[in-house]
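# Examination of the molecular architecture
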Amino acid sequence: NKAVRSELKSRTKSAIVAAESGADDVDERLRAAVRRIDKAASKGVIHKNQAARRKARLVAKVRAASAES
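Cut-offs applied
- Residues numbered from 1 in each chain as written.
- Predicted model: local features only at pLDDT ≥ 70, side-chain atom pairs only at ≥ 80, totals over all residues.
- Heavy atoms only, no water.
- Helix = DSSP H or I, 4+ residues; strand = E, 2+ residues; numbered from the N terminus.
- Rg over C-alpha atoms; globule rule 2.2 N^0.38 Å.
- Buried < 20%, exposed > 50% of the residue type's maximum accessible area, 1.4 Å probe, protein only.
- Contact = heavy atoms within 4.5 Å.
- Areas by Shrake-Rupley, 256 points an atom, 1.4 Å probe, with all protein chains shown as cover.
- Lys, Arg positive; Asp, Glu negative; His and termini not counted.
- Charge placed at Lys NZ, Arg CZ, Asp CG, Glu CD.
- Axes fitted to C-alpha atoms, helices over the stretch in contact; angles between N-to-C directions.
- Parallel < 35°, antiparallel > 145°, perpendicular 65-115°, else oblique.
- Nonpolar A, V, L, I, M, F, W, Y, C, P; charged D, E, K, R; others polar.
- Core = buried A, V, L, I, M, F, W, Y, C linked by side-chain atoms within 4.5 Å.

### Description of the overall build of the protein chain
Looking only at helices and strands, the protein chain features three helices and zero strands. If you list the helices and strands of the protein chain from N to C, you get α-α-α. What you see for the protein chain is a C-alpha radius of gyration of 12 Å, in line with the 11 Å of a compact globule of 69 residues. For the protein chain, buried positions account for 25% of its 69 residues. Considering only intrachain contacts with a sequence separation of at least 6, the fraction spanning at least 24 residues in the protein chain is 60%. Total accessible area on the protein chain is roughly 4800 Å²; 47% of this is exposed by carbon and sulfur atoms. Averaged over its 18 positive side-chain charges, the protein chain has a centre that lies 12 Å from the centre of its 8 negative ones.

Below, the structure is given as structure tokens:
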């Protein structure tokens, strides 16, 4: 579970940093982060409501960062 949580944080940060820097692969990184969040929820590592909240916050941050760039 600790490895899964660590990977969630890494993928989330990767997507946000890519959006802030204006990288070309923002959508790909966002998709990977969302997929990993969904997988963690399905395995019971995080609650399904927490997964939904994390995804919503992540998408909002990425869109805001992309709009600034």
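After presenting the structure, the write-up continues.
### Considerations on the packing of helix H1 (residues 2-21) against helix H3 (residues 48-68)
Where H1 meets H3, the axes come as close as 7 Å, and the angle between the chain directions of the two elements is 20°. Taken as axis vectors, H1 and H3 run roughly parallel relative to one another. Between H1, through Arg5, Leu8, Thr12, Ala15, Ile16, Ala19 and Glu20, and H3, the contact on the second element is made entirely by Arg54, Leu58, Lys61, Val62, Ala65 and Ser66. Within the contact of H1 with H3, the residues separate by chemical class into seven nonpolar, two polar and four charged.

### A short note on the nonpolar core
Counting residues in hydrophobic clusters, the biggest one holds 17 residues, and the most contacted among them are Ile37, Ile46, Leu58 and Val62. Going through the elements one at a time, H1, helix H2 (26-43) and H3 are the ones with two or more residues in this core. The element best represented in this core is H2, accounting for six residues. Non-local contacts of isoleucine 37, meaning those with residues more than four positions away in its chain, are made with Leu8, Ile46, Ala51, Arg54, Lys55 and Leu58.

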